[in-house]
Amino acid sequence: MKKTLILFLMVIYFAGQLSALELTNEEKNWLKEHPIIRIAPDPEFPPIEWFDENDEYVGIAADFMKQIESALGIEFEVVKCRNWDEVLQKARDKEVDLLPAAAQTPQRAEYMLSSEPHLVFPGVIITTNNNHNLINTKALYNKNVGIVSGYVWYEFISRDHSQINIVDVANITDGLRKVATNEIDAFIATLPIALYYIEQEGISNLIIAGEIDYETKLSIQTRKDWPLLNSIMIKSLKAISPEKKQEILKKWIFLKPMSIFSSRTFWIIAISMLAAGLLIVIMAGFWNTSLKKQVRIKTRELEEDIEKRKKLETELIASEEKYKLLVENQVDMLVKVDMEGRFLFVNPSYCKMFGKTEKELLGKKFMPLVHEEDQKTTEEEMKKLFEEPHCCYFEQRTKTKNGWRWLAWQDKAILNDQGKVFEIIGVGRDITQQKQAELEISKIAQEWQSTFDATNDVIWTLNKEHDILRCNETTTKMFNTTYNNLIGKKCWEVIYGTSEPIEACPSVRAQKTLKRETMELLSGDSWLLITVDPIINEKGEFEGAVHIIKDITHRKKIEKELEEYREHLEEMVKKRTVELEEKNARLEEYNKLFIGREFRIKELKEKVKKLEAKLRIE
């Protein structure tokens, strides 16, 4: 322990050099305009800062704040919070103005400005003797490791070492107790804070096995929208002399040598051991046989337990290898993100899609990669993760190495022991080709619908029960109704206004004959031609029909006019025939008279010839 404390003292350093506290007029005026500056310490962070039994703000950071108060001639308003999470939330909400000792992280940089670090402490791994081999960060892989929620270690480990199973603990005391009782394998904390609590709690079975890859660099952090307060704090820190800083340090962190013989615990243990030894000597004869038997039984049980553990470890390694093989060769993209949307894990398929390495992606937020038009939809859908059944589905355009691509995501929330969401697992797939196909189908469908609606004929599609499944726009005009009023009705309800089909219904006939059936129908003043073509499935069965109604009123009118004109012509032909027959009869009479006269003329001519011949003879 002594070596650890010496190491702790060696790694602590204070930033800044001695300089006089000289403020600009602008900074002085700013202090006058802001007489109240609210500070929020970590309520459970000794010896750095905490609230003692009298509810007083004390610790290293508290003494730094007193030095700055004295130098500036101001008094800070201390705001007490329940825990560190509440401190950070109030800082985000601008309900406090300054954090006396906070680590710098990318997340906090979004809403706070930082001074140079004035305290630097290593992060250490606290565990039991049974886990003394957990000497560095990689040794914690696949182990259950406790970290106080909101502490800087949580962000570092979740970002860079997703192989570590992080267990949220309420505070440092909770973490130390859980590792001491083997509820978790190890606990990560800041060195001086861990030592303080171990001594306070009197936990004797814990050791500091090693250090992690990170340090906590504590600085004074101020509201981002108050840059002048930040510059004032930077100058104030520099104005504190190195001697004063060492004085503050020694006040709260010191080595206290103690003789083992002055320890109450030593004498309790020694007396207990002496009594136990005497008792063992007295009872040795009686216990010897029984103990040997119990040792053999326990040894056998232990050997069996070791054998089972080895078998389980072998199975676990094989299972992990299968899982690793499955994840690394998964065609779909697989990711895990925290509550801020930062990547905790990405599989090779995701890295390939975006042309980046796992290291380049971990710790980065996924939302900047999403098309701005799809970000709101994504956020709305992901709200479903906080309700049963804690899953959601959404599609989004994402900027990949090959440009904008459509990705479909199925997300599932991971809940902690308190039933709260703390991580999200997502499985994604590139659906760009599917989207393009859907767009093409939609375009074709739109063109088909335009053509469908543009025709002057009424067109329906019917199912095998003769219900109208679809109709075109001409239908609504012809029957003076809406699309929704037509869908689902029987065809004869719309055409004939009957609850049953009429006897000559072409739709019913087409179902029986499986051939085109037609019918002409007079509806009011309009003539309709109904044509029904059956739809036949691969089994040769009636599946439905295409039902077409054509208004043939104009054609029927022309046909009627042609019929009337034909009848008129026939009447005129009959009348003309009669007239011709009468005239023909007269002509025949005239012809008879003409022929008789010709016969008499011929006779006269013959008589004349005879007379002429007689005269010539005489």
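For clarity, every value in this text was computed on a predicted model and none was experimentally measured.

Caption draft 1: Focus on the overall build of the chain. A tally of regular secondary structure across the chain gives 19 helices and 22 strands. By the burial criterion, 38% of the 618 residues in the chain qualify as buried. Considering only residue pairs separated by 6 or more positions, the chain has 57% of its internal contacts joining residues 24 or more positions apart. Summed over its atoms, the accessible surface of the chain is roughly 38700 Å², and 54% of this surface lies on carbon and sulfur atoms.

Caption draft 2: How the structure looks around the sheet that holds strand β2 (residues 44–45). An order of β2-β3-β4 is seen for the three strands of this open sheet, with the pairing classed as antiparallel. Edge positions in the sheet fall to β2 and β4 (57–58), since each has one partner strand and no second. With two bridges joining them, β2 and strand β3 (residues 49–51) adopt antiparallel strand pairing. In the sheet register, Glu 44 faces β3, and the bridge partner there is Trp 50.

Caption draft 3: A look at the nonpolar core. Grouped together as the largest cluster of nonpolar side chains are 83 residues, with contacts concentrated most on Ile 48, Leu 99 and Phe 187. Not counting chain neighbours up to four residues away, the residues in contact with Ile 48 comprise Val 58, Gly 59, Ile 60, Ala 61, Ala 62, Ala 101, Leu 119, Phe 121, Ile 193 and Leu 218. Of all hydrophobic cores here, the second largest spans 23 residues; its members include Tyr 350, Phe 354, Met 367 and Leu 385.

Caption draft 4: Representation of the environment of Asp 430 within the structure. In this structure, Asp 430 sits in strand β17 (residues 421–430). Residue Asp 430 is classed as partly exposed on the basis of its relative accessible area of 29%. A sequence separation of 21 residues divides Asp 430 from Trp 409, and the C-alpha atoms of the two residues are 9.2 Å apart. Those residues in contact with Asp 430 that lie beyond four places of it in its chain are Met 333, Met 353, Arg 405, Trp 406 and Leu 407. Of the polar contacts made by the side chain of Asp 430, one reaches the side chain of Arg 405; its length is 3.0 Å. Within the local environment of Asp 430, its side chain forms a polar contact with the side chain of Thr 432, the two groups lying 2.6 Å apart.

Caption draft 5: Highlighting the sheet that holds β17. Spatially, β14-β13-β17-β16-β15 is the arrangement adopted by the five strands of the open sheet, whose pairing is antiparallel. Unpaired on one side and paired on the other, β14 (343–346) and β15 (391–400) mark the two borders of the sheet. In this sheet, adjacent strand axes meet at a mean angle of 25° when their direction is disregarded. Where strand β13 (residues 333–337) meets β17, five bridges bridge the pair, whose relative direction is antiparallel. Each residue of the ladder has a partner; that of Val 335, found in β17, is Gly 426. This element, helix α13 (residues 372–382), spans β15, β16 (403–415) and β17 of the sheet and lies at about 155° to β15.

Caption draft 6: Here's a closer look at the state of the cysteines. Going through the model one piece at a time under the given rule, you end up with zero disulfides. This cysteine, Cys 392, is not joined by any disulfide, and Cys 391 carries the nearest cysteine sulfur, 7.3 Å off.

Caption draft 7: Structural view of the pattern of salt bridges. In the structure shown here, the tally under the stated rule is 30 salt bridges. One salt bridge connects Glu 247 with Lys 244, and the closest N-O pair in it is separated by 3.3 Å. Of this pair, Glu 247 and Lys 244 both sit in helix α9 (residues 242–252), three residues apart, which is roughly one turn of the helix. A relative accessible area of 48% places Glu 247 in the partly exposed class. Under the relative-accessibility criterion, Lys 244 is labelled partly exposed at 24%. Of the charged contacts in the structure, one is a salt bridge between Glu 570 and Arg 566, with a shortest N-O distance of 2.4 Å. Of the two residues, Glu 570 and Arg 566 both sit in helix α19 (residues 553–617), four residues apart, roughly one turn of that helix. Residue classification places Arg 566 among the partly exposed positions, given a relative accessible area of 37%. Connected through salt bridges with shared partners, the residues Arg 38, Asp 97, Arg 223 and Asp 225 form a single ionic network.

Caption draft 8: Expanded view of the packing of helix α3 (residues 60–72) against helix α8 (residues 227–239). Contact pair α3 / α8: the axes reach a minimum separation of 10 Å and the direction vectors enclose 105°. When the interaxial angle is binned, α3 and α8 end up roughly perpendicular. Of the residues in α8, those in contact with Phe 64, Ile 68 and Leu 72 of α3 are Ile 232, Met 233, Ser 236 and Leu 237. Counted by class, the contact of α3 with α8 contains six nonpolar, one polar and no charged residues.

Caption draft 9: The arrangement of α9 in detail. When α9 is considered as a whole, its buried residues turn out to be Lys 245, Ile 248 and Leu 249. Burial along α9 is one-sided: seen end-on, the buried residues are contained in an arc of 100°. In α9, the exposed positions that point more than 90 degrees away from the buried face belong to Glu 243 and Lys 250.

Thresholds, definitions, all that
- Numbers given to residues run from 1 along each chain, matching the order in which its sequence is written.
- Totals for whole chains, interfaces and linings use every residue, but because this is a predicted model, local features are given only for residues with pLDDT of at least 70 and side-chain atom pairs only at 80 or more, for both listing and counting.
- For the side-chain quantities, the full set of heavy atoms in the structure was used; hydrogens and water were omitted.
- The numbering of helices and of strands both runs from the N terminus, where a helix is a DSSP run of H or I of at least 4 residues and a strand a run of E of at least 2.
- Categorising residues by exposure relies on relative accessible area from a 1.4 Å probe, with only protein chains included: less than 20% of the type maximum marks a residue as buried, more than 50% marks it as exposed, and the intermediate range marks it as partly exposed.
- Note on definitions: a residue-residue contact is assigned when non-hydrogen atoms from the two residues lie within 4.5 Å.
- For every accessible area listed, the method is Shrake-Rupley and the probe measures 1.4 Å; residues are considered covered only by the protein chains on display.
- At least two DSSP bridges between two strands are required for those strands to pair.
- The set of buried Ala, Val, Leu, Ile, Met, Phe, Trp, Tyr and Cys residues whose side-chain atoms join them within 4.5 Å is what this entry labels a nonpolar core.
- Pairs of N or O atoms are called polar contacts if they sit within 3.5 Å, as long as, within protein, a hydrogen donor faces a hydrogen acceptor (for residues adjacent in sequence, only side-chain-to-side-chain pairs).
- Here an angle of 0 to 180 degrees is reported between the N-to-C directions of two axes, which are lines fitted to C-alpha atoms, with helices fitted over the stretch in contact.
- Disulfides are defined in this document as cysteine sulfur pairs within 2.5 Å.
- Every case where a carboxyl oxygen of Asp or Glu lies within 4 Å of a side-chain nitrogen of Lys or Arg is listed as a salt bridge.
- In these notes the angle categories are as follows: under 35 degrees is roughly parallel, over 145 is roughly antiparallel, 65 to 115 is roughly perpendicular, and the rest is oblique.
- Gly falls in the polar group here, along with every residue not listed as nonpolar (Ala, Val, Leu, Ile, Met, Phe, Trp, Tyr, Cys, Pro) or charged (Asp, Glu, Lys, Arg).
- Here the arc refers to the set of directions running from the helix axis out to each C-beta atom.

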